[in-house]
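# A structural walkthrough
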Amino acid sequence: MDALSFTAAGGGPAPSAWSPAVERGEAAYQAARRQRRNATLIALAVLTACLLASAWVSEAYPATLLAGLPRIGEYLWRILPSLRWDALLSGTDTEGSLAFWFYRLDSWAWLLFETANMAALATLFGASAALLLAFPAARNLSGGVPYQLARRFCEAMRTVPEIVFALILVWAFGVGALAGILAITLHTAGALGKLFAEAIENTDMRPWDAARAAGASWPECCRFAILPQALPNILSYALLRFETNIRSASVIGFVGAGGIGEELYKVISFNYYEEISAIILLVILAVASVDLLSERLRHRAIGALGGAT
Amino acid sequence: MLELQGLGRRFGEVAAVDGVTLSVPAGQMVGVIGRSGAGKSTLIRMVNRLTEPTAGRILFEGRDVTALRGRALRDWRARCAMVFQQFNLVQRLDVLTNVLVGRLNHRPTMSSLLKRFTDEERAMALAALDRFDLAAAALQRADTLSGGQQQRVAIARALLQEPRVILADEPIASLDPRSAKVVMDALRGLNRERGITVLCNLHHLDTAREYCDRIVAMQSGRVVFDGTPAELTAARVRDVYGVDEAEFEEQAAAAVRRSAANRAAPVAANAA
Ligand SMILES: Nc1ncnc2c1ncn2[C@@H]1O[C@H](COP(=O)(O)OP(=O)(O)O)[C@@H](O)[C@H]1O
Ligand SMILES: [Mg+2]
């Protein structure tokens, strides 16, 4: 009570009229604020220094940036198709028509289809491997050597970029989609293995106790006590990964591992400007429609899992 | 005959259970009472080896089950089924599958993983559910049932293990009085009809007196009373616990509510 009562000193309470408790509190507040501000300033200074140092190391000078910017615009200008309104819907022979721009639509469509299939297969294989890895990689169900092995394996698989795997696998299996599928599968297994393991670590452990108490074996406990709880999250992660894998599959052809990437690489290196824009547009369309589709699928699947699994 | 010989468990400095010696004849219904932290849960979880003892032995029909491993341990667990305070069902799974979990020990792992239960096993599960008036709910998700119904599903799951012993850790502490009676009646029915030995942690002295052939009271990990319900008079309770019966139950019930609240947390986190 005492701390809250004003000591009325003629008229309103002057700042100095606050009780000692209030003044102490205010002083502590100001000190804490000063301290926080100082910490923020120091952090900002360190961050700026780091940024400048890394820019200097990587030779990202503002002058280079400025000099390059117009060239980006120039490139974009070049890859733009020269369309003419009056000829827009004419055949493949008329310059300025859509058909002329996409004159190789049939083979590109096939390559895109191949790309989507590569992504789908890689997601399926990778997610299956990840599902097997995730249980030994979950801290609440596992431990010791199996835990360490599963964790480290997932780490190694997701640290190596797909394109590096692809280079190695193209060397081993030859040019073609198989190398690409395997490369994306490996990376997916590592990335999803960790995410699945986290989904498993967030499950309720009481059913696990019950299954163990009923004499079920470790795989049976995983299957019956944990999987039904983690499945919606696992499915959701796998479908999200499918979207990512479509993007990966579209560039992995740069190193000869199948899909539309090979074609894209070719037209870029030969400076077939209009074809570059045509292919990129197709890839964007494909990715967008897969995004839409997989989002629908994800909600549908999670809804369906509401029932018995 | 289930025999505990000098059974003990330490958690660091704490002796949760300290030299408990009991011998339970087949078919007996035993109530274990005691305040929170007395070691009741630890004792019961040691019997089916969910918690490992640090001292003593457990014998079942003369066979030492303290050192079993692998397949033999799982077989022992299947023979002494466990019923939990929080039912421990898989909430997202249907009732029938939850009951069939009790069958997992009796079948090859590979076909279990594919969830290929036989018609016979499904019939067993449905019969067990029917016994507790829950056959109609077989295809519902477990989380659509009330607490009392869930506990009966858990008992049906225990039944599918074809157990010789049922261990129940505060089976009615999360239930309203009516459901509690149904669940206790179910446990007594199994005890009487099938001769299953029942070891049941309880905090209601009246429930223990009404249902059990024998009452074991624990305090600080030790057995401080072991006798028939008639011998556990109000005077004896005051003797053992230093408080009267109403106070004792109030303390025990409050502790049970606390531990239930603590354990409920992970489910909520999972709901998203
Ligand atoms: N996993 C554990 N880790 C550490 N201490 C524990 C653990 N389980 C139980 N204890 C301790 O052992 C004692 C007995 O606990 P418990 O068997 O749960 O008693 P009760 O079921 O009678 O309430 C308590 O002091 C408790 O704190
Ligand atoms: Mg307890």
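## Concerning the overall build of chain A
- For chain A, the count of helices and strands is 11 helices and zero strands.
- Along chain A, helices (α) and strands (β) appear in the sequence α-α-α-α-α-α-α-α-α-α-α when read from the amino end.
- The globule rule puts the C-alpha radius of gyration for 309 residues at 19 Å, and the 30 Å found for chain A is more than 25% above it.
- Considering only C-alpha atoms, chain A reaches an extent of 95 × 70 × 40 Å along its principal axes.

## Some details on the domain arrangement of chain A
- Under the domain assignment used here, chain A contains domain 1 (2-57) and domain 2 (98-305).
- The gap between the C-alpha centroids of domain 1 of chain A and domain 2 of chain A is 50 Å.

## Overview of the packing of helix 5 (residues 144-159) of chain A against helix 7 (residues 177-201) of chain A
All names here are of chain A.
- Packing of helix 5 against helix 7 brings their axes to within 7 Å, and their N-to-C directions diverge by 130°. Accordingly, the angle class assigned to the pair helix 5 and helix 7 is oblique. At the point where helix 5 passes helix 7, the crossing takes the left-handed sense. In contact with Cys154, Glu155, Ala156, Met157 and Arg158 of helix 5, helix 7 contributes Leu186, His187, Ala189, Gly190, Ala191, Gly193 and Lys194.
- The residue inventory of the contact of helix 5 with helix 7, partitioned by class, reads six nonpolar, three polar and three charged.

## Notes on the environment of Leu199(B)
Residue and element names in this part refer to chain B.
- By the element assignment, Leu199 lies in strand 8 (residues 197-201).
- Classification of Leu199 as buried rests on a count of 26 C-beta atoms within 10 Å.
- Separated by 16 residues in the primary sequence, Leu199 and Ile215 place their C-alpha atoms 9.8 Å from one another.
- When near neighbours in sequence (up to four residues on either side) are disregarded, Leu199 contacts Val24, Val30, Val32, Ile44, Val47, Val165 and Leu167.

## Section: the confidence of the model for chain B
Residue and element names in this part refer to chain B.
- Predicted confidence across chain B gives a mean pLDDT of 89, with 95% of residues reaching 70 or more.
- Ignoring residues within four places in sequence, the model shows residues 264-272, a span with pLDDT below 50, making eight contacts including any to other chains.
- Scoring the predicted complex yields pTM 0.83 and, for the interface, ipTM 0.89.

## Notes on the site of ligand 1
All names here are of chain B.
- Around ligand 1, the surrounding shell consists of Phe11, Val14, Ala16, Gly34, Ser36, Gly37, Ala38, Gly39, Lys40, Ser41 and Thr42.
- At the level of elements, strand 2 (14-24) and helix 1 (40-47) are the ones that each hand at least two residues to the shell around ligand 1.
- Among the elements that take part in the shell around ligand 1, helix 1 stands out by supplying three residues, more than any other.
- Looking at the shell around ligand 1, its residues break down into four nonpolar, six polar and one charged.

## Section: the pairing of strand 1 (residues 2-11) of chain B
Residues and elements named next belong to chain B.
- Where strand 1 lies against strand 2, seven bridges are found, and the strand directions are antiparallel. For Arg9, the partnering residue across the bridge sits in strand 2 and is Val17.
- Here strand 1 folds back onto strand 2 in antiparallel fashion, the turn holding two residues, of which Gly12 has a positive phi close to 60°.
- The sheet contact formed by strand 1 and strand 4 (residues 55-60) spans five bridges and is antiparallel. Paired with Leu4 across the bridge in strand 4 is Ile58.

## Observations concerning helix 6 (residues 162-173) of chain A
Residue and element names in this part refer to chain A.
- With 12 residues, helix 6 should cover 16 Å at 1.5 Å per step; its first-to-last C-alpha distance of 15 Å lies within 8% of that length.
- Buried within helix 6 are the following residues: Glu162, Phe165, Ala166, Leu169 and Val170. The buried residues of helix 6 occupy an angular sector of 135° when the element is viewed end-on, so they sit on one face.
- Of the surrounding secondary structure, the elements contacted by the buried residues of helix 6 are helix 7 and helix 9 (218-251).
- Once helix 6 finishes, Gly174 follows within two positions and takes phi at roughly 85°, a positive value.

## Points about unusual backbone geometry
Residue and element names in this part refer to chain B.
- Non-glycine residue Glu61 carries a positive phi angle of around 50°.
- Note that Glu61 resides in the loop between strand 4 and strand 5 (63-64).
- Of note, Asn88 is a non-glycine position whose phi angle comes to about 55°, a positive value.
- Within the secondary structure, Asn88 is located in the loop between strand 6 (80-83) and helix 3 (95-100).

## Notes on the interface of chain A and chain B
- Between chain A and chain B, the contact holds 24 residues from the first and 31 residues from the second.
- Those elements that provide at least two residues to the side of chain A that touches chain B are helix 8 (206-213) and helix 9 of chain A.
- Looking at the side of chain A that touches chain B residue by residue, the class counts come to 12 nonpolar, six polar and six charged.

Analysis parameters
Residues numbered from 1 in each chain as written. Chains lettered and ligands numbered in written order. Predicted model: local features only at pLDDT ≥ 70, side-chain atom pairs only at ≥ 80, totals over all residues. Helix = DSSP H or I, 4+ residues; strand = E, 2+ residues; numbered from the N terminus. Rg over C-alpha atoms; globule rule 2.2 N^0.38 Å. Domains from an automatic or database assignment. Axes fitted to C-alpha atoms, helices over the stretch in contact; angles between N-to-C directions. Parallel < 35°, antiparallel > 145°, perpendicular 65-115°, else oblique. Left-handed = near helix turned anticlockwise from the far one by under 90°. Contact = placed C-beta atoms within 7 Å. Nonpolar A, V, L, I, M, F, W, Y, C, P; charged D, E, K, R; others polar. Buried ≥ 20, exposed ≤ 12 C-beta atoms within 10 Å, placed from the backbone. pLDDT = per-residue confidence, 0-100. Near = placed C-beta within 6 Å. Pairing = 2+ DSSP bridges. Expected span 1.5 Å × (residues − 1). Arc of directions from axis to C-beta.

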